[in-house]
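# Observations on chain architecture
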Amino acid sequence: MILAPLVMQSPPWVDMLVTQVPAGAVSVRAWRVWRAAEVLVRGRHVLLGSSARVVDYDLPVGSPVSYRVEALSGSGQVVESASVQVSAPSPGHSMAWLSDPMSPMGSVVVGVLRGGSRGRWSSAMEMVRPMGGLPITQGGERQVRVRSWRLVAEDEATVQAVDAIMLAGPTVVLRGDPECLDHATWLV
């Protein structure tokens, strides 16, 4: 198999063409390998004849990322695999891409001012309402890490884009400078 990745810059994502998929393959599966973690690339990877297309909108920025694509038989066995490495540009120090995971092409670059990061003890009993659902009671003492960031926008269009992303749903993705975020990608 031959992997031909194309790294898009703004926002960063990967569009990869997979060619010469073996004849016995009925589907492909793609893995992203980054910082010793291997994650299945989300989404559907379409196989048409001896070619496939893999799209990854969750590309970590600012460091090399490897992809492994596996051709699978009808029984789910790996027929053949191939790997390739790509790099996504960093948005800059103290900068990050903010996006809605359900609409990643609507990403916007924002400045990030890092707040304090400290450990604290949670209360003995907490009532949590996950994503607007039924309340859940969590009990017991545990230590949690509290992180805070302030997002900075340079113009009115960026402020409006951030507002639209924040109102779109309960989860946002923040991808940026690992030094500022303590990690290069955060689901918030």
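For the structure, check the block above.
Below you will find a few notes about this structure. (Residues numbered from 1 in each chain as written. Predicted model: local features only at pLDDT ≥ 70, side-chain atom pairs only at ≥ 80, totals over all residues. Heavy atoms only, no water.)

### Observations concerning a negative patch on the surface
Note the cut-off: Grouping into patches uses exposed residues only, defined as over 30% relative accessible area, and leaves out salt-bridged ones; the cut-off is 9 Å for like charges and 5 Å for nonpolar side chains (Val, Leu, Ile, Met, Phe, Trp, Tyr). Note that accessible areas follow from Shrake-Rupley with a 1.4 Å probe, and for residues the cover is restricted to the protein chains shown. For this analysis, a salt bridge means a side-chain nitrogen from Lys or Arg found within 4 Å of a carboxyl oxygen belonging to Asp or Glu. Neither His nor the chain ends is counted toward charge; the positive residues are Lys and Arg and the negative residues Asp and Glu. Charged side chains are reduced to one point each, which is NZ for Lys, CZ for Arg, CG for Asp and CD for Glu. Helix numbering and strand numbering both begin at the N terminus, where a helix is a DSSP run of H or I of at least 4 residues and a strand a DSSP run of E of at least 2. Categorising residues by exposure relies on relative accessible area from a 1.4 Å probe, with only protein chains included: less than 20% of the type maximum marks a residue as buried, more than 50% marks it as exposed, and the intermediate range marks it as partly exposed.
Together, Glu-154, Asp-155, Glu-156 and Asp-163 make up a region of like negative charge exposed at the surface. The residue Glu-154 is located in the loop between strand S13 (143-152) and helix H1 (156-168) in this model. Looking at Glu-154, the relative accessible area reads 75%, which means it is exposed.

### What to know about the pattern of salt bridges
Pairs can form between side chains of opposite charge once their charged atoms are near each other. Under the defined criterion, the tally for this structure stands at six salt bridges. Two residues, Glu-70 and Arg-29, come together in a salt bridge whose shortest N-O distance is 2.8 Å. Taken together, the residues span a long stretch of sequence, with Glu-70 in strand S7 (residues 64-72) and Arg-29 in strand S3 (residues 27-34) at a distance of 41 residues. According to the relative accessible area criterion, Glu-70 is buried, its value standing at 8%. A salt bridge links Glu-38 to Arg-68, with the nearest nitrogen and oxygen atoms 2.3 Å apart. Remark: Arg-68 occurs in strand S7 and Glu-38 occurs in strand S4 (residues 37-40); sequence separation between them is 30 residues. One network of salt bridges, with partners in common, ties together Arg-29, Glu-38, Arg-68 and Glu-70.

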